[in-house]
Amino acid sequence: MNTPAAETTWIDRFDGLRRLPPDLRQTLASGSAIVTLPSGAAVFGPGQSADNLLLLLEGTVRVSQASETGREVFLYRVHAGESCVLTTACMLAFEDYAADGVAETDVTAVAIPRATFDDLVARSPVFREFVFTAYSRRITDLFALIDDIVFQRMDVRLAARLLELADAQGAIHATHQVLATELGTAREVISRTLGEFHRRGWIEQARGKVQLRDRSGLSRLARSDHASVSGL
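Described in the following lines is the structure provided in the data block. (Residues numbered from 1 in each chain as written. Predicted model: local features only at pLDDT ≥ 70, side-chain atom pairs only at ≥ 80, totals over all residues. Heavy atoms only, no water.)

What to know about the overall build of the protein
Piece 1. Looking only at helices and strands, the protein has eight helices and eleven strands in total.
Piece 2. When the 232 residues of the protein are sorted by exposure, 41% land in the buried category.
Piece 3. Sequence separation of 24 or more characterises 69% of the internal contacts of the protein that already satisfy a separation of 6 or more.
Piece 4. For the protein, the exposed area adds up to about 11900 Å²; of that, 53% sits on carbon and sulfur atoms. (Helix = DSSP H or I, 4+ residues; strand = E, 2+ residues; numbered from the N terminus. Buried < 20%, exposed > 50% of the residue type's maximum accessible area, 1.4 Å probe, protein only. Contact = heavy atoms within 4.5 Å. Areas by Shrake-Rupley, 256 points an atom, 1.4 Å probe, with all protein chains shown as cover.)

So, in structure tokens, the structure goes:
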């Protein structure tokens, strides 16, 4: 569903765009559109062209990539107030997507088409700074992800991810396979590690759900590179 982005008020929700002068604010608003997507909808996929830069107003988009063997690796999430670094990279390089973006929740976003994007990148130092600041920040996050996968223990990473994904009631609605995909490992590893967390009284498990029981225990593990969870 698309609606004209005639108002400029959404621009103020993005720190880097607030400094745009009035004429360029109007160019950005009139040259873009607000789009809505339901939970589970494909935002983009491998082989598709990047025709619009999406700035999220509400919801979450999950970006992942599949290997030739079919194994899926979680890359990052785009939250409200953020843009997608992969989309930015593809638009700047005129390349197609090589990963999947899926709406994890109902999503509302501003779609900035290539013509408007190219115009503002060329004309506005403020817009260029916004684009490249977001890009560099996410690239740093991706390097941190690589560091985690290569060097950090799985129990430490899982503890941190459970704390990140938990809602206000401490519930994580995700299967063992989903958590394995999140962390780039096998389901059996996640099951074994969750079993140890359960034994320690940190969590309870149900079908498709993990309930936190002791956040402090998980937090101590997540903060420690040297903690040891026996039997993993």
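Notes on the packing of aromatic side chains
Piece 1. This structure, assessed with the given rule, holds six aromatic pairs.
Piece 2. Ring geometry for F14 against F130: centres 6.2 Å apart, planes inclined by 85°, an arrangement best described as edge-to-face. Taken together, the positions of F14 in the loop between β1 (2-4) and α1 (22-30) and F130 in helix α4 (residues 125-151) put the pair 116 residues apart, joining distant regions of the chain.
Piece 3. Taking relative accessible area as the criterion, F14 reaches 1% and is therefore assigned buried.
Piece 4. The class of F130 is buried, set by a relative accessible area of 10%.
Piece 5. One aromatic cluster is present, built from ring pairs that chain together W10, F14, F117, F127 and F130. (Phe/Tyr/Trp six-rings, centres within 6.5 Å; stacked < 30°, edge-to-face > 60°.)

Some words on the sheet that holds strand β5 (residues 60-66)
Piece 1. Spatially, four strands are ordered β3-β7-β5-β6 in an open sheet, and the strand pairing comes out antiparallel. Strands with a single pairing partner mark the edges of an open sheet, and in this sheet they are β3 (42-44) and β6 (72-79). Neighbour-to-neighbour, the strand axes of the sheet open up by a mean angle of 30°, direction not taken into account.
Piece 2. Bridge analysis of β5 against β6 gives seven bridges, and the strand direction is antiparallel. By the bridge assignment for β6, A66 is matched with E72. (Pairing = 2+ DSSP bridges. Axes fitted to C-alpha atoms, helices over the stretch in contact; angles between N-to-C directions.)

Here's the deal with the packing of helix α5 (residues 154-165) against helix α7 (residues 187-199)
Piece 1. Contact pair α5 / α7: the axes reach a minimum separation of 10 Å and the direction vectors enclose 75°. Looking at the two axes, α5 sits roughly perpendicular to α7. When α5 is examined against α7, the residues M154, D155, L158, A159 and L162 are found in contact with a partner set consisting of V189, I190, T193, L194 and F197. (Parallel < 35°, antiparallel > 145°, perpendicular 65-115°, else oblique.)

Some thoughts on the pairing of strand β8 (residues 107-113)
Piece 1. Of all the seven residues making up β8, six are buried; the element is thus mostly covered by neighbouring parts of the structure.
Piece 2. Two elements, strand β2 (residues 33-37) and β8, share five bridges in a ladder whose sense is antiparallel. Along β8, the bridge assignment pairs I34 with V110.
Piece 3. As paired elements, strand β4 (residues 52-58) and β8 share six bridges and run antiparallel to each other. Bridging across to β8, L55 finds its partner in V110.

Topic: the side chain of S64
Piece 1. For S64, the location among the structural elements is in strand β5.
Piece 2. You can call S64 buried: its relative accessible area is 5%.
Piece 3. Residues contacting S64, with those up to four places away along its chain left out, are E72, V73, F74, L75, A99 and D100.

A short note on the sheet that holds strand β9 (residues 171-172)
Piece 1. In spatial order, the strands read β9-β11-β10; together these three strands make up an open sheet with antiparallel pairing. Each end of this open sheet is capped by a strand with a single partner; those strands are β9 and β10 (203-206).
Piece 2. With four bridges joining them, β10 and strand β11 (residues 209-212) adopt antiparallel strand pairing. Opposite I203, over in β11, you have L212 as the bridge partner.

Here's the deal with the packing of α5 against helix α8 (residues 215-223)
Piece 1. Between α5 and α8, whose axes approach to 8 Å, the crossing angle comes to 130°. Considered as vectors, α5 and α8 are oriented oblique to each other. The way α5 lies across α8 gives a crossing that is left-handed. Contacts from D155, V156, A159, A160 and L163 in α5 reach R215, L218, S219, L221 and A222 in α8.
Piece 2. Split into classes, the residues belonging to the contact of α5 with α8 amount to seven nonpolar, one polar and two charged. (Left-handed = near helix turned anticlockwise from the far one by under 90°. Nonpolar A, V, L, I, M, F, W, Y, C, P; charged D, E, K, R; others polar.)

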